[in-house]
Structures are given as C-alpha cells and as structure tokens.
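A look at the structure
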Amino acid sequence: MSMRNLLLLAALLPIFVTAQGPASTGQAPYNAPTLAVLLANRPAHIEEAKWLAMMQDPVNRSLYPLRISQATLDTLDGRQLDRRFQYIMVR
C-alpha cells in the first residue's frame, strides 16, 4: 500500500466512524395523536415512563408495532401519526 493511500485512509476513517453513530441524541417529543396511540398500546406490566423511553429506540419501534382500529382513525387524524412507527390495522 502506498503512502498516499495510507494517508487517504487515515483521513477518511474518522468520517466513516462518525457516520455509524446515531443521527441525533435528542429525539423530538411525540405529538398528541402518536402519544395517544402509544399509551393505548402500552402493556399493563410496563410503566408509562419506561414504555415511552423504550419506544424512543428505533429497534423497539419495529419490534412493537402499534395496533390501531378504524374507530381510532375516526377519532385521530391519521396524517399526524409519527411515521417512525409501524402501525397495524385491527378490527
């Protein structure tokens, strides 16, 4: 490996390392419709604060899809639901 390639690799390595980190440390707070759906889907054995903190993690958003019904969509504006979550339509 030539010295030029080695220096280029050493210069680009920090960029690649920082690109692997989280996009932002602070997440935006949930809006009212998303918060209502989140709290309605909270398991009974998990505290509210712990559930909301868990759902900040993108991995948990895909592991726990939120179930909504047509009655929920009639009450809430579906366009305002946070797109970071997965929603499953139930009867």
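1. Topic: the overall build of the chain
Counting its regular elements, the chain contains 5 helices and 2 strands. Each helix and strand of the chain, placed in order from N terminus to C terminus, yields the pattern α-α-α-α-β-α-β. Counting across all 91 residues of the chain, residues that qualify as buried make up 20%. Of the contacts formed within the chain by residues at least 6 apart in sequence, a portion of 46% connects residues at least 24 apart. Summed over its atoms, the accessible surface of the chain is roughly 7000 Å², and 61% of this surface lies on carbon and sulfur atoms.

2. Looking at the pairing of strand β1 (residues 66-69)
Each regular strand displays side chains that alternate between the two surfaces of the sheet. As defined by bridge partners, β1 adjoins strand β2 (residues 87-90) across 4 bridges and the pair is classed as parallel. By the bridge assignment for β2, Arg 67 is matched with Ile 88. Handedness of the β-α-β unit built from β1, helix α5 (residues 70-75) and β2 comes out right-handed.

3. Structural notes on the nonpolar core
Tyr 30, Val 37, Leu 38, Ile 46, Trp 51, Leu 52, Met 55, Leu 66, Ile 68, Leu 81 and Phe 85 together form the largest nonpolar core, which totals 11 residues. Broken down by secondary-structure element, the contributors of at least two residues to this core are α2 (32-40), α3 (48-54) and β1. With sequence-adjacent residues up to four places away left out, Phe 85 is seen in contact with Tyr 30, Thr 34, Leu 38, Met 55, Arg 61 and Leu 66.

4. Overview of a nonpolar patch on the surface
On the surface, a cluster of nonpolar side chains totalling about 420 Å² of accessible area is made up of Met 3, Leu 6, Leu 7 and Leu 9. Within the secondary structure layout, Leu 7 lies in helix α1 (residues 3-19). By relative accessible area, Leu 7 is classed as exposed at 57%.

5. Regarding the pattern of salt bridges
Note on pairing: side chains with opposite charge can pair once their charged atoms come close. Overall, the coordinates contain 2 salt bridges when judged by the stated rule. Of the charged contacts in the structure, one is a salt bridge between Arg 79 and Asp 77, with a shortest N-O distance of 3.2 Å. Here Arg 79 falls in the exposed class, since its relative accessible area comes to 70%.

Cut-offs and rules
Residues numbered from 1 in each chain as written. Predicted model: local features only at pLDDT ≥ 70, side-chain atom pairs only at ≥ 80, totals over all residues. Heavy atoms only, no water. Helix = DSSP H or I, 4+ residues; strand = E, 2+ residues; numbered from the N terminus. Buried < 20%, exposed > 50% of the residue type's maximum accessible area, 1.4 Å probe, protein only. Contact = heavy atoms within 4.5 Å. Areas by Shrake-Rupley, 256 points an atom, 1.4 Å probe, with all protein chains shown as cover. Pairing = 2+ DSSP bridges. Right-handed = clockwise from strand over helix to strand, strands pointing away. Core = buried A, V, L, I, M, F, W, Y, C linked by side-chain atoms within 4.5 Å. Patch = residues over 30% accessible without salt bridge, like charges linked within 9 Å, V, L, I, M, F, W, Y side chains within 5 Å. Salt bridge = Lys/Arg side-chain N within 4 Å of Asp/Glu carboxyl O.

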